[in-house]
Amino acid sequence: MSDLTSVKDALQSRLASKRVVFWHDPAGEYDAELDSLDLGGVNVIRVQEDEFGVKNTLLKDHVTKHLVYLAGDLPRGTANWLLDLELAYGGVFTADKTSILQQELGLNDAAFAPVIEQHQKFFAANARKQALEKLLVAGDDPTRLRAKMCQVLVKASGHTLTDITRELLAENAASKKTKLDDLVTFGLDQFLWDGLASIYRYPSTTPTIEDFILWAFSRAVEDFASDTPGKYRNIRIDFNSLRYDVRGQDMMAKLASRAADALDIKSKIEHRDYRELVPVTIFEEVDRKVIVDLAAAVAGQSVTPRDVADVVRQRQESLWKNKYAKLYEAIQSASELLAAIAVLPRTIGSLDLGLQKYQSDWFRLDQQYRRFTYAYQTADFQNPLAALKTEVDKQYANKFLYDFGGLWQQAMEPTGEWKSAVLAPQARFFDNHVAPVVKDGRTKAVVIISDGMRYEVAEELASLIRNEDRFDASLSAVLGVLPSYTQLGMASLLPQATLELDPEALPVLADGKPTNGTVNRDKILQGVKGHAISAAGVLAMPGDELRELYKQHQIFYVYHDRIDAAGDKAPTERTVFEAAEETLRELLLLVKKWTNANATNILLTADHGFLYQDIPLEQSYYVSEAPQGDAVTKTNRRYVLGRALKPSPSFMTFTSAQAGLVGDIDIQIPKSIHRIPQPGAGTRYVHGGASLQEIVVPVITVNKKRKSDVRPVHVDLMPETDKITTGQLAVKLLQREAVTDKIQPRQVRLGLYVGDTLISDQPVLTFVSASDDQRERYQSAILYLTQEADGFNNIPVELRLEEPIPNTTQWKPFSKGTYTIKRSFTTDFDF
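**Q** Sorry if this is basic, but what is going on with the nonpolar core here?
**A** Taken as a class, soluble globular proteins show a tendency for nonpolar side chains to be buried jointly. Counting 201 residues, the largest nonpolar core has F217, F283, L388, I448, Y557, W594 and L604 as its most contacted members. Excluding residues within four positions of it along the chain, L604 makes contact with I448, L461, I465, L587, V591, P698, V699, I700 and V702. Counting 25 residues, the second largest nonpolar core, distinct from the first, contains L733, V739, L765 and A781.

In structure tokens, the structure reads:
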């Protein structure tokens, strides 16, 4: 755009709102071109020492638009006979670049002129000028103008120092410097450094972005402590704002990594107690240190599970939480497991007492071992937990499976018949759990049978189902059949009155009919208006097709096989806990799919459980003698079938009648957790025997409710004062109840507001405690006031408690408290 065109545009813009415009051209540079300006119906008047005539013309004509042009020096004060009219019509137009820009942008205050003159290069491009114009508002001052110019150059969402800094840090994290170079090119770099020095107290005389980053992280390590109270309050607030903004987590992690190397964080924390480092959440080196030392403390049992849980909860705020989540999860599970092993009883009073205690308490040892092992196996970094894994494997295998398994064996020794007063036999599953549901001939039932899903896996599944809105799941158990192997377990779940073993274990006969395979089971189920189908078939079936199938039968048996399929093969037995995770996911999906097909009565159960340890078995875990009898027809790692089997101290021996079966086959089960050596077979994963893990078979009953029943845990502010007398506010919050399946954890962000103006930082707390002790459910936070808070003394302010809006980066308030800032002059900077 030529200078003359710019002048014409500026004049037309001014004439659009004013009838008379006075144009002062000190150098007379536009005198020759004045007549060539096409201003439409505007009357152009040259002032040529005829001010009175000009004034007379203007005062007489109240209709025509006039442009009054004066070249040369403008008379001062009362010597300027047109001064009163100039003031009446809004001052004098000048055509220098600065003035035109001021007029184009509506920045008529003379205070803006030096800024525009200093940064003429910025305004040379229309794109930058137009972008800036969109940001300008009434009340802007020269400082804010420069800040908004920076906003344009770095493409920030706002003009605050936090906004500008965020963009420069993101660029630096990406190893780029285009935006910083633009600030230099357009002369705004010193404005940035001055802002960092005055607002953040960044002290460098030779500032660079890299140096600022190191300085900020070095202050963060010390929690922005200072000999001068309040010195670093602004950098603390803005650093934490960037630190906890989910959009900037990757950026901050990259910068933290570089800073850690430059600051040699690893050597600085090497000899510090890990408990002192728990609140430091920005450096990966701290996570590694905490994990190694916490794992060692757990292995040595010098820390309680409660303390471990508290450390793990606090580490959820770490920048590196996703990277190390598996290790923290493993450590917490190991802590719970080792503590539980340490308090196991030295005797089990009876078989029934053992069955009850396993369902209420002891199953958790198997659950924690599975969780620990799976977390360890799937962690990216296993080495920090190597010593802990050795200790966990040793104690679980030796003290729980072997030693405690021996106590369970003693409790079973008086058993003549395989039955219990507290658990119904698995063979009565249909009679007790399915028949009552369908007895009216109209109500339908879906039974999902997962091969090898032991009780502790089912307990976690029931919890996952209850976590779903409007779903309820109750867990019970039946006494698994002996031997606890797939064919007999599957047969016992069918509608039948008698079960009979084949000498070679396959097939098992139900009322004389073979039960092996889905086809044979479907034939038996047809007698009760039932249908057998694989889980894979259901998962692959479109929803409308499944709804149509659901109309056609009254009973459905759905067969699922992940755990046993992985565990029963030597090459894959060490993936059995991974298979358990897949089982949890797939069974939850099956439940939802069946409810979407209008199923309202769903049962989940298993054919048997299993034993598993992640380390090779010691020789003492094998029986020392081979089974003997008139005919040994089937030998498995955990059971023997035959006729007239010879009793032995190494085995429990049952006739078919004693095991609740018909026929003449005898059964022998190696005592405790012992195995019978089998060439080529796996040894870590087994079933078939009578351990608690194998024969406490779960039954989950699922119902879907009409009304929502899941909600976040209640969190209340517990104010100890209603006044803020310093530059910070300490608050205490109470998680009102324990977290359960239906009462779910809650993340809470706190902030002090006056209207929509935030005047503090925004700490985030996570409430996840499952403790019934209220004293363990308190959390505290400190809010640091910003400089903006200084302007609201003696004014009520609002402390807002906010929670995340699901699937967004936004938050919404759910509670609030009111405080009044009462800060005296002497405490304005008292942090």
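The structure having been displayed, the exposition proceeds.
**Q** Would you take a moment to explain the packing of aromatic side chains for this structure?
**A** Given two aromatic rings, one states the distance between the centres and the angle between the planes to describe the pair. Inspection of the entire model under this criterion finds 31 aromatic pairs. Ring plane angle 85° and centroid distance 5.2 Å describe the contact between F217 and F239, whose orientation is recorded as edge-to-face. Residue F217 is located in helix α11 (residues 209-221), and its partner F239 is located in helix α12 (residues 233-244); the two are separated by 22 residues in the primary sequence. Residue F217 is classed as buried on the basis of its relative accessible area of 2%. Positioned over the ring face of Y753 is R800, at 4.2 Å from the centre of the ring.

**Q** I would appreciate a short explanation of unusual backbone geometry in the present structure.
**A** Cis peptide bonds are those with omega within 30 degrees of zero, and the linkage from L482 to P483 qualifies with -5°. With respect to the helices, strands and loops of the structure, P483 is situated in the loop between β6 (471-479) and α23 (486-492). Cis peptide bonds are those with omega within 30 degrees of zero, and the linkage from L506 to P507 qualifies with 0°. Phi is positive for N598, close to 85°, though the residue is something other than glycine. Note on placement: N598 falls in the loop between α28 (576-596) and β12 (602-605). Not every positive phi belongs to a glycine, and A644 is a case in point at roughly 50°. As for its position among the elements, A644 is in strand β15 (residues 640-645). Judged by its relative accessible area of 39%, A644 falls in the partly exposed class.

Rules behind the numbers
Residues numbered from 1 in each chain as written. Predicted model: local features only at pLDDT ≥ 70, side-chain atom pairs only at ≥ 80, totals over all residues. Heavy atoms only, no water. Core = buried A, V, L, I, M, F, W, Y, C linked by side-chain atoms within 4.5 Å. Buried < 20%, exposed > 50% of the residue type's maximum accessible area, 1.4 Å probe, protein only. Contact = heavy atoms within 4.5 Å. Phe/Tyr/Trp six-rings, centres within 6.5 Å; stacked < 30°, edge-to-face > 60°. Helix = DSSP H or I, 4+ residues; strand = E, 2+ residues; numbered from the N terminus. Lys NZ or Arg CZ within 6 Å of the ring centre and 35° of its normal.

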